[in-house]
Amino acid sequence: MNFKVKALVAGVALGFSMSGMAAEPIKIGVSGPFTGGSAPMGVSMRDGVRLAVNEINAKGGVLGRKIELVERDDEAKNERGVQVAQELINKEHVVATVGYINTGVALASQRFYQQAKIPVMNNVATGSIVTKQFANQPENYIFRNSANDTIQSAMIVEEALGRRGFKKPAILADSTNYGQLGREDLEKVLDKKGVKPVAVEKYNIGDVDMTAQLLRAKQAGADVVLTYGIGPELAQIANGMQKLGWKVPIVGSWTLAMANFIDNAGKNGDGTRMPQTFIQNPDTPKRKAFIDAYVKAYNPPGGRMPSAVSAAQGYDSVYLLAAAIQQAGSTEGPKIAAALENLKAPVEGVVATYNKPYSHTDHEAINFDNTKFGEVRDGHVVLAK
C-alpha cells in the first residue's frame with residue numbers, strides 16, 4: 001500500500017471514529033435496590049426512569065445523543081452502594097446518577113460523586129440531611145426530587161394532631177438511618193407543639209412480630225400510631241394491632257403506600273394515611289399517559305404500580321437532568337449542576353411542573369405545595385378526604 005493510500009485509509013478511519021465519538025451515548029447511572037424488602041421502590045423507580053429515557057431517546061435524545069442507562073442493584077446496603085458508586089464513576093464514566101431509595105445508602109455513597117463533581121439526583125431517598133451533606137462546600141452536587149422528611153414529618157403531625165385532633169401519639173420507627181432520622185424529625189415537630197410521644201418504639205428489618213412494641217404503645221394510652229419505616233415490616237404493625245384488638249389510626253411516612261405494605265396488611269391497612277407526591281390517578285393528560293405507558297410496559301399485578309411515588313419521581317428526575325444537560329450544552333458535571341441550579345424553562349413532570357426548582361442554596365424540588373395525603377382503601381392508595 002503506497003503512502004497516499006495509507007493516509008487516505010487512516011483519514012477515513014479517523015473520520016469514522018470521530019463521527020462515532022460525536023454520537024456516543026450519554027451515560028447515566030441508576031442505583032437502587034432491585035432485590036430485597038426495598039425492591040418495590042427500587043424497581044418502580046428504575047422502570048419510571050426507563051420510560052423517561054425511552055421517550056427522550058425516541059425524540060432524538062439530548063444534544064443529539066441518546067441516553068444510555070447503566071443500572072446497578074445496590075441491595076439497600078451501604079457497602080454495596082459505595083461499590084456501585086465507585087464503579088459507575090471510575091469504570092462506566094457516567095455523567096450523572098439517578099436513584100437512591102435508602103437514606104443510609106445515599107449518605108454512604110454520594111460523597112464519591114461530590115468528590116468527582118458529578119451530579120446525583122436523589123429521586124426517592126427522603127432523609128432531611130441528604131442534600132445538606134455537602135452544603136458547606138462551594139459546590140454541592142447532590143439534588144433531590146422527593147418529599148424530604150422535614151416536609152413529611154410536619155405533614156404527619158399536622159394530619160394526626162392538627163386536623164384530626166389526636167393528643168397521644170406513639171412513634172414506631174425501624175432501626176435504619178431512614179427510620180431513626182425520620183423519628184428524630186417527628187419528635188422535633190411534636191416538641192414544637194409541646195407534645196411528647198407517649199411511646200417511642202424501634203424495630204428491625206426482618207422483624208415479624210411487633211406485639212411487644214404495640215403493647216407498650218397501647219398501655220401508654222396512644223390514640224394514634226405514627227410510623228417511619230421501609231418494607232413489609234410496616235404491615236406487621238397493622239396486623240399486630242388487629243391481633244391485639246387495638247384499633248387506632250396509623251399515620252406515617254410515604255412508604256405506607258408500598259405494595260408490600262398494602263398486600264401484607266390486607267384489610268388491616270385500610271384507612272392508613274401517608275404523604276404522597278404522586279397517586280396512581282389519571283387526573284391530568286400527562287399523568288394518564290405516564291400511567292398507561294407504565295402499565296403497558298411492565299404489566300404490574302392488578303395494574304397497580306408497586307410504588308407509584310418511586311416510579312413518578314424516577315421519571316421526573318430524568319427529565320430534570322435532561323433539561324439541565326440540554327441547557328448546559330455539556331455533559332461536564334459542574335456545568336450540569338450550574339444548569340440545574342438555574343433551569344430557565346419549566347420542566348413538565350408527572351409529580352409537578354417544575355419552575356426553577358433549584359437554586360444554589362436550595363437543592364430540593366419538592367415542597368408542601370406538591371405533596372398531598374394518600375389513604376389506603378381496598379388495596380389501593382387514593383387521595384385522602
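The sections below set out a description of the structure shown in this document. Just so it is clear, the structure is predicted and the values come from calculations on it, not from any experiment.

Structural notes on the overall build of the chain
Helix and strand counts for the chain stand at 12 helices and 14 strands. Each principal axis of the C-alpha distribution contributes one length, and for the chain these read about 95 × 45 × 35 Å. In the chain, buried positions account for 56% of the 385 residues. Within the structure as shown, the chain displays about 16100 Å² of accessible surface, and the carbon and sulfur contribution to it stands at 54%. Across the chain, the centroid of the 43 positively charged side chains sits 2 Å from that of the 38 negatively charged ones.

A look at empty space enclosed by the protein
The tally for this structure, following the rule as stated, stands at 3 cavities of 30 Å³ or more. Looking at the largest cavity, the residues that line it are Met41, Ile101, Asn102, Thr103, Val124, Ala125, Thr126, Tyr178, Ile230, Trp254 and Thr255. Split by residue class, the lining of the largest cavity holds 7 nonpolar, 4 polar and no charged. For the second largest cavity, the calculated volume is near 50 Å³. Mapped onto the lining of the second largest cavity, the elements with two or more residues apiece are β10 (273-276) and α11 (308-328). Looking at the lining of the second largest cavity residue by residue, the class counts come to 4 nonpolar, 6 polar and no charged.

A short note on the pattern of salt bridges
Taken as a whole and assessed by the stated rule, the structure comprises 22 salt bridges. Glu158 serves as the salt-bridge partner of Lys193, at 3.8 Å between the closest nitrogen and oxygen. Of this pair, Lys193 sits in the loop between α6 (177-192) and β7 (199-203) while Glu158 sits in helix α5 (residues 149-163), placing them 35 residues apart in sequence. Judged by relative accessible area, Lys193 falls into the partly exposed class, the value being 43%.

Looking at the packing of aromatic side chains
Per the stated rule, a full pass over the model turns up 7 aromatic pairs. The interplanar angle of 55 degrees and the centroid separation of 5.3 Å between the aromatic rings of Tyr178 and Tyr228 together place this pair among those described as tilted. Of the two residues, Tyr178 sits in helix α6 while Tyr228 sits in strand β8 (residues 224-228), which places them 50 residues apart along the sequence. For the pair formed by Tyr178 and Tyr228, the shared burial category is buried.

Some points on the side chain of Glu375
The residue Glu375 is located in strand β13 (residues 372-377) in this model. The class for Glu375 is buried, based on a relative accessible area of 10%. At 2.7 Å, the side chain of Glu375 and the side chain of Arg273 are in polar contact. Apart from residues no more than four positions distant in its own chain, Glu375 is found in contact with Gly271, Thr272, Arg273, Met274, His380, Val381, Val382 and Ala384.

Side note on the sheet that holds strand β5 (residues 142-144)
Reading across from one edge, β2-β1-β3-β4-β5 is the order of the 5 strands in this open sheet, with parallel pairing throughout. Two strands close off the open sheet at either side, each with one partner strand: β2 (67-73) and β5. Each neighbouring strand pair of the sheet contributes to a mean axis angle of 25 degrees, computed without reference to strand direction. As paired elements, strand β1 (residues 26-32) and strand β3 (residues 96-99) share 4 bridges and run parallel to each other. When the bridges of β3 are listed, Val30 appears paired with Val98.

Some words on the pairing of β1
Where burial is concerned, most of β1 is hidden: 6 out of the 7 residues are buried. Pairing analysis gives 7 bridges linking β1 to β2, with the strands arranged parallel. Counted as the bridge partner of Ile28 is Leu69 from β2. Handedness of the crossover joining β1 and β2 through helix α2 (residues 39-58) is recorded here as right-handed.

Points about the layout of surface pockets
Approximately 260 Å³ is the volume attributed to the largest pocket. Elements with a minimum of two residues in the lining of the largest pocket: α4 (103-116) and α6. Broken down by element, the lining of the largest pocket gets its largest block of residues, 3 residues, from α4. Residue classes in the lining of the largest pocket are distributed as 5 nonpolar, 11 polar and 2 charged. Taken as a whole, the second largest pocket encloses approximately 210 Å³ of empty space.

Rules behind the numbers
Residues numbered from 1 in each chain as written. Predicted model: local features only at pLDDT ≥ 70, side-chain atom pairs only at ≥ 80, totals over all residues. Heavy atoms only, no water. Helix = DSSP H or I, 4+ residues; strand = E, 2+ residues; numbered from the N terminus. Buried < 20%, exposed > 50% of the residue type's maximum accessible area, 1.4 Å probe, protein only. Areas by Shrake-Rupley, 256 points an atom, 1.4 Å probe, with all protein chains shown as cover. Lys, Arg positive; Asp, Glu negative; His and termini not counted. Charge placed at Lys NZ, Arg CZ, Asp CG, Glu CD. 1 Å grid on protein atoms, 1.4 Å probe; cavity = no way out; pocket = protein on both sides within 12 Å on 5 of 7 lines; lining within 4 Å. Points joined across faces, edges and corners; volume = space filled by probe spheres on them. Nonpolar A, V, L, I, M, F, W, Y, C, P; charged D, E, K, R; others polar. Salt bridge = Lys/Arg side-chain N within 4 Å of Asp/Glu carboxyl O. Phe/Tyr/Trp six-rings, centres within 6.5 Å; stacked < 30°, edge-to-face > 60°. Polar contact = N/O pair within 3.5 Å; in protein donor to acceptor, adjacent residues only side chain to side chain. Contact = heavy atoms within 4.5 Å. Pairing = 2+ DSSP bridges. Axes fitted to C-alpha atoms, helices over the stretch in contact; angles between N-to-C directions. Right-handed = clockwise from strand over helix to strand, strands pointing away.

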